[in-house]
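Residue-level listing of the chains:
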Amino acid sequence: MSKLFSKENKEVLVNPFNLDNPVLVQVLGICSSLAVTSQLKPAIVMGLAVAVITAFSNVIISLIRKTIPNRIRIIVQLVVVAALVTIVSQILKAFAYDVSVQLSVYVGLIITNCILMGRLEAFAMMNKPWPSFLDGLGNGLGYALILVVVGAVRELLGRGTLLGLTIIPQSAYDAGYINNGMMTMPAMALILVGCVIWIHRAYFYKEKEN
Amino acid sequence: MEHLISLFFRSIFVDNMIFAFFLGMCSFLAVSKNVKTSLGLGLAVTFVLLVTVPVDYLLQVYVLGPDCLIEGVDLSYLSFILFIAVIAGMTQLVEMAVEKYSPSLYAALGIFLPLIAVNCAIMGASLFMQQRINLDPSNTQYIGNVWDAIAYAVGSGLGWTLAIVSMGAIREKMQYSDVPKPLQGLGITFITVGLMAMAMMCFSGLKF
C-alpha cells in the first residue's frame, strides 16, 4: 500500500493542482472550460466528468499501450475516449437530465478536449496503469478546480447566486446593487480566465524569485 | 435561398465558433502568432468542416436517426464514435491529398494539419448540426438538408478563419507594447479575445 502512494505517485497526483495546472500552464482544454462556466453547477458536473474520463481513459490506454501500433495510435485513443464519453453522456441524460441539457454539445466535446489527448500521449503511453490513473485524476481535478473558480465568480457576480441559492441579500439590491449581466456573457469568461492566469503567474513568479 | 444566406452569415458573425462558443480555442491560441500561418490553418479548418459536416449530416439522417436502419431503434447514442471516426478519417484523407497535390501548402501547415482531427471546432460543428436538425424550420439556425449543412460548415469555417486571422494581426502588433510581465503571452491574449468577443456581440441582432 505504501508503494501505491510513494512520493513520485503523490507528485503525479498533486502537481496538476498548482505548478503544472493543465488549463493555466499547459493551456489545454480551454474550449469547454469557458463555455460551461456561466453557472457553478454545470461547471462542477463537467469538471467531475472530465476527471473521471481522463482517469479511466489513461488506465485503459496504459493497459493496452504495448499492443497499439504506433501509426494508428491517435485513432485508437480517440475511440477509447469516445466510448467513455458516450457512457458518461448516457449516465448524465439518465440521472441529471437538466444539467445534461445545460451542457448540451460540450459533453460530446470532451472527446476533443486536449487534456485527454495530451495526457494519453504524454503519460499513459509510457507509464504503468496505476500512475496513469493518478495522473489522469490529478489533471482532471486540476481542470475542475479552474472551472469551479471561474463558474463561482461568474454566477455570484452575474446572478447573485451560488448553486442556485441566493447569496447577495435583498438589502444590497435595495441599496442600489445591480447584478452584472455582462458576467453571464461569453466574453467575460475569456477575460476572467485571463485574470486567473495573471494572478497565478504573478504568484508563482514571486515564489521563483524567492 | 434566403434561409441559406441567412444561415451562412449568422454562422460567420453571430454564432461565431470562437467568440460565441469558444470552439477550437487550443489551436487558436497556439497558432495565432502571425497572420500567414493563421490564414493557412483557418482555410484548412474550413475545408475539413466543408467535408465532414455534410457527411455527418447524411450519417445522422440516414443511418443514426430513429427508425433509419432498423424499425424502432434510435442509434443516435453512437453519434460520438461515428462522428469522430469520420473526422479522423477525413483529416487523414485531406492530409494525403494536400501532400500529393500541393507540397508547398503541406510544408507550410506542418503539424497543424493532423491536429485538426482533435480541433473542437470540427467536432463541435457536427454536434451543433445534430442539434439543429430538430429545430423548428422557421428558425434561422435550422438545418434541413445537405445544402444547409454545407452553408453552415463554410460559414463556421470562415468565421473561425476571420477570428484567427484578426487575432494573428493583433498579436503581431502587440509585440511592441509594454505588457506587465505575469500577464505576457497567454494572459493578455485571453483578455484581447474577450474584448474582441464583446465587440462581436454587436452582431447579435443581425437579420436578413
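Now for a look at the structure at hand. Predicted model only: the values in this text are computed from it and were never measured.

### Notes on the overall build of chain A
Phase 1: A tally of helices and strands in chain A yields 9 helices and 2 strands.
Phase 2: Projected onto its principal axes, the C-alpha coordinates of chain A cover approximately 65 × 50 × 35 Å.
Phase 3: Taking all 210 residues of chain A together, 48% fall into the buried category.
Phase 4: Partitioning the intrachain contacts of chain A with sequence separation of at least 6 by distance along the chain shows that 75% fall at a separation of at least 24.
Phase 5: By element, 67% of the accessible surface of chain A is carried by carbon and sulfur atoms, the whole surface being about 10100 Å².
Phase 6: Taking the average place of the 16 positive charges on the side chains of chain A and the average place of its 10 negative ones, the gap between the two points comes to 9 Å.

### Describing the interface of chain A and chain B
Phase 1: Contacts between the two partners involve 40 residues from chain A and, on the opposite side, 37 residues from chain B.
Phase 2: Regarding the contact of chain A and chain B, the summed buried area is about 3300 Å², with carbon and sulfur atoms giving 84% of it.
Phase 3: Three residues, Cys31(A), Thr112(A) and Leu190(A), lead the burial of chain A against chain B; their summed loss comes to 18% of the area buried on that side.
Phase 4: Across the contact surface, chain A and chain B share 0 salt bridges.
Phase 5: Between the two partners, chain A and chain B, sit 1 residue pair in polar contact (both at pLDDT 80 or more).
Phase 6: Residue contributions to the side of chain A that touches chain B peak at 14 residues, all from helix α9 (residues 186-209) of chain A.
Phase 7: Tallied by class, residues from the side of chain A that touches chain B come to 31 nonpolar, 8 polar and 1 charged.

### Considering a nonpolar patch on the surface
Residues and elements named next belong to chain A.
Phase 1: Judged by side-chain polarity, Ile44, Leu48, Val148 and Leu163 come together as a nonpolar surface patch covering roughly 310 Å² of accessible area.
Phase 2: Position of Leu163 among the secondary structure elements: in the loop between β1 (161-162) and β2 (165-166).
Phase 3: Its relative accessible area of 49% is what places Leu163 among the partly exposed residues.

### Some points on the packing of helix α3 (residues 35-64) of chain B against helix α8 (residues 146-174) of chain B
Residues and elements named next belong to chain B.
Phase 1: Axis separation between α3 and α8 bottoms out at 8 Å; the angle between their running directions is 165°. Taken together, α3 and α8 sit at an angle that is classed as roughly antiparallel. The element α3 and its partner α8 pack so that their crossing is right-handed.
Phase 2: Looking at the contact of α3 with α8 residue by residue, the classes come out as 22 nonpolar, 7 polar and 1 charged.

### Topic: the packing of α3(B) against helix α7 (residues 120-132) of chain B
Residues and elements named next belong to chain B.
Phase 1: Across the interface, α3 lies against α7 with an axial gap of 9 Å and an inter-helix angle of 35°. Two packed elements cross with a definite hand, and for α3 against α7 that hand is right-handed. Side by side, α3 and α7 meet where Val45, Val48, Leu49, Thr52, Val53, Asp56, Tyr57 and Gln60 of the first sit next to Ala121, Ile122, Ala125, Ser126, Met129 and Gln130 of the second.
Phase 2: Here the residues of the contact of α3 with α7 sort into 9 nonpolar, 4 polar and 1 charged.

Criteria and cut-off values
- Residues numbered from 1 in each chain as written.
- Chains lettered and ligands numbered in written order.
- Predicted model: local features only at pLDDT ≥ 70, side-chain atom pairs only at ≥ 80, totals over all residues.
- Heavy atoms only, no water.
- Helix = DSSP H or I, 4+ residues; strand = E, 2+ residues; numbered from the N terminus.
- Buried < 20%, exposed > 50% of the residue type's maximum accessible area, 1.4 Å probe, protein only.
- Contact = heavy atoms within 4.5 Å.
- Areas by Shrake-Rupley, 256 points an atom, 1.4 Å probe, with all protein chains shown as cover.
- Lys, Arg positive; Asp, Glu negative; His and termini not counted.
- Charge placed at Lys NZ, Arg CZ, Asp CG, Glu CD.
- Buried area = accessible area lost by both parts, 1.4 Å probe.
- Salt bridge = Lys/Arg side-chain N within 4 Å of Asp/Glu carboxyl O.
- Polar contact = N/O pair within 3.5 Å; in protein donor to acceptor, adjacent residues only side chain to side chain.
- Nonpolar A, V, L, I, M, F, W, Y, C, P; charged D, E, K, R; others polar.
- Patch = residues over 30% accessible without salt bridge, like charges linked within 9 Å, V, L, I, M, F, W, Y side chains within 5 Å.
- Axes fitted to C-alpha atoms, helices over the stretch in contact; angles between N-to-C directions.
- Parallel < 35°, antiparallel > 145°, perpendicular 65-115°, else oblique.
- Left-handed = near helix turned anticlockwise from the far one by under 90°.

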